[in-house]
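# Residue-level structure breakdown
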Amino acid sequence: MKIIAVIPARYASTRFPAKLLQDLGGKTVILRTYEAAINTNLFDDVFVVTDSDLIDEEISSHGGKVIRSIREHESGSDRIAEAVQNLDVDIVINVQGDEPFIDAEPLAKVIEVFRKDTESKVDLASLMREITDTEDINNPNNVKVVVDQNNFALYFSRSVIPYPRETNVGVRYMQHIGIYAFRKQALLDFYSLPMKALEASEKLEQLRYLEFGKRIKMVETAHVGIGIDTPEDLEKARKMI
């Protein structure tokens, strides 16, 4: 089973333009992320996927591997699907370009899902963690997921799910952590499928997979990613370095 990591890297960012090329302890954010992915020793190969000449040059000049995006894309899955369609791979892991402090353990957990899936019942694997703070549960920026008894995703939402009509029945609220592992075919199928109403309403691409019958296996973790979305986040990251 050939497993690769793909790091989608856009130059533009609504909240923090050019954040991936900001200096973080003598290296750019994207270069640190790329090197961290390699240093996990989990992947047969690691690629940065970008439409930016500047990001291409940054990675290529340090001996890294780059795949250029040809088209504009609505989602990360679309961008990754275009990049891997001609690669001989089985499993593709989506690594966020703005998370240079990669933790190998949660990545290993989603990879292990496919190693154990001898009957190929899983199309995607992803992560979730329990949240208990009421503010976190109600925050629409925290995507929630509900799962069945085998931890396959039933639905993702920015709303509170399940709704707490009864509060003493032992419901746990699970936040989706956006690390994905895909079977290559699931990505290629996604690439050819239209956006439907649920995805358009919630602005959550994982709903397209569910609407078209793909099975997403969720793995519980305590992992909390450290992303760089704002200049303030960058300053915190510099202190960590």
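See the structure printed just above.
Described below are features of the structure shown in this document. The residue numbering used here restarts from 1 in each chain and proceeds along that chain's sequence as written. Reporting in this predicted model follows two pLDDT cut-offs: at least 70 for local features of residues, and 80 or more for side-chain atom pairs to be given and counted; totals over whole chains, interfaces and linings ignore these cut-offs and use all residues. Hydrogens and water molecules were not included; the side-chain quantities draw on all heavy atoms of the structure.

### Some points on the pattern of salt bridges
Should a side-chain nitrogen of Lys or Arg be within 4 Å of a carboxyl oxygen of Asp or Glu, the pair is scored as a salt bridge. Inspection of every chain in the model, using the stated rule, returns 13 salt bridges. Between Glu 35 and Lys 27 there is a salt bridge, with the nearest N and O atoms lying 2.8 Å from each other. Exposed residues in this analysis have more than 50% of their type's maximum accessible area, buried residues have under 20%, and partly exposed residues fall in between, with area computed by a 1.4 Å probe over protein chains only. A relative accessible area of 26% means that Glu 35 is categorised as partly exposed. The class for Lys 27 is partly exposed, based on a relative accessible area of 32%.

### With respect to the packing of aromatic side chains
Between 30 and 60 degrees the pair is tilted, below 30 it is stacked and above 60 it is edge-to-face, where a pair is any two Phe, Tyr or Trp rings, Trp via its six-membered ring, whose centres lie within 6.5 Å. Enumeration according to the criterion identifies 3 aromatic pairs in this entry. Judged by centre distance (5.5 Å) and plane angle (25°), the ring pair of Tyr 180 and Phe 182 falls under stacked. Take Tyr 180: its relative accessible area is 7%, and that puts it in the buried class. The class for Phe 182 is buried, based on a relative accessible area of 1%. Summarising the aromatic geometry, the rings of Phe 182 and Tyr 209 are spaced 6.1 Å apart at their centres and angled 40° between planes, so their arrangement reads as tilted. Pair noted here: Phe 182 is in strand S10 (residues 173–183) and Tyr 209 is in helix H8 (residues 206–211), with a separation of 27 residues, a long-range link. Working definition: helices are DSSP H or I runs of at least four residues, strands are E runs of at least two. Numbering for both runs from the N terminus.

### Quick look at the packing of helix H3 (residues 76–84) against helix H6 (residues 184–192)
For helices, the axis comes from a line fit to the C-alpha atoms of the stretch in contact; other axes are also lines fit to C-alpha atoms, and the angle between any two N-to-C directions lies between 0 and 180 degrees. Following both chains from N to C, one finds H3 and H6 inclined at 115°, their axes separated by 9 Å at the closest point. The hand of the H3/H6 crossing is left-handed. Judged by residue contacts, Ser 77, Asp 78, Ile 80, Ala 81, Glu 82 and Val 84 of H3 engage Lys 184, Leu 187, Leu 188, Phe 190 and Tyr 191 from H6. Here the contact of H3 with H6 is built from residues that sort into 7 nonpolar, 1 polar and 3 charged. Each crossing is labelled by how the near helix is turned from the far one, with a counterclockwise turn of less than a right angle marking it left-handed and a clockwise turn marking it right-handed. Residues are treated as being in contact if the distance between any of their heavy atoms lies within 4.5 Å. Classification convention: Asp, Glu, Lys, Arg as charged; Ala, Val, Leu, Ile, Met, Phe, Trp, Tyr, Cys, Pro as nonpolar; all other residues, Gly among them, as polar.

### Some points on the side chain of Thr 33
Within the secondary structure, Thr 33 sits in helix H1 (residues 29–39). According to the relative accessible area criterion, Thr 33 is buried, its value standing at 0%. Within polar-contact distance, the side chain of Thr 33 engages the backbone oxygen of Gly 97 at 2.9 Å. By the criterion applied in these results, polar contacts are pairs of N or O atoms within 3.5 Å in which, for protein atoms, one can donate a hydrogen and the other can accept it, and in which residues neighboring in sequence qualify only through two side-chain atoms.

### Quick word on the environment of Gln 22
The topology assignment puts Gln 22 in the loop between strand S1 (3–9) and strand S2 (23–24). For Gln 22, a relative accessible area of 24% corresponds to the partly exposed category. As for Gln 22 and Ile 241, which are separated by 219 residues in sequence, their C-alpha atoms are 14 Å apart. From its side chain, Gln 22 meets the backbone oxygen of Ala 18 in a polar contact 3.2 Å long.

### Thoughts on helix H4 (residues 104–116)
Each helix should span, by expectation, one fewer than its residue count multiplied by 1.5 Å. With 13 residues, H4 extends 18 Å between its outermost C-alpha atoms, agreeing within 8% with the 18 Å of an ideal straight helix rising 1.5 Å per residue. Taking the backbone nitrogen of Glu 105 as reference, a side-chain oxygen 3.0 Å away marks Asp 103 as the first, capping residue of H4.

### Things to note about H6
Among the residues of H6, Lys 184, Ala 186, Leu 187 and Phe 190 are the ones counted as buried. Along H6, the residues classed as buried sweep out an arc of 165° about the axis, all on the same side. Structurally, H6 contributes buried residues whose contacts are with H3, strand S6 (91–94), strand S7 (124–131), S10, helix H7 (197–202) and H8. Each C-beta atom gives one direction from the helix axis, and the arc is the one those directions make.

### Quick look at unusual backbone geometry
Pro 162 follows Ile 161 through a cis peptide bond whose omega is -5°. Of note, Pro 162 is situated in the loop between strand S9 (153–157) and S10. Located in the positive-phi region is Asn 41, a residue other than glycine, with phi close to 60°. Position of Asn 41 relative to the elements: it lies in the loop between H1 and strand S4 (45–50). The phi torsion at Ser 120 lies on the positive side, around 55°, for a residue other than glycine. When you line up the elements, Ser 120 lands in the loop between H4 and S7. On the basis of relative accessibility, which here comes to 48%, the residue Ser 120 falls in the partly exposed class.

### Digging into the nonpolar core
Definition of nonpolar core: a set of buried residues of the types Ala, Val, Leu, Ile, Met, Phe, Trp, Tyr and Cys, connected through side-chain atoms within 4.5 Å. If you look at the biggest cluster of nonpolar residues, it comprises 36 residues, and the most contacted ones within it are Ile 7, Ile 30, Phe 43, Val 48 and Ile 93. In this structure, Ile 7 is in contact with Ile 30, Thr 33, Tyr 34, Ala 37, Val 46, Phe 47, Val 48, Val 49, Val 95, Gln 96 and Gly 97, ignoring residues within four places of it in sequence. Listed in part, the 29 residues of the second largest apolar core include Ile 80, Val 92, Val 145 and Phe 190.

Any functional reading would require information beyond the geometric quantities listed.
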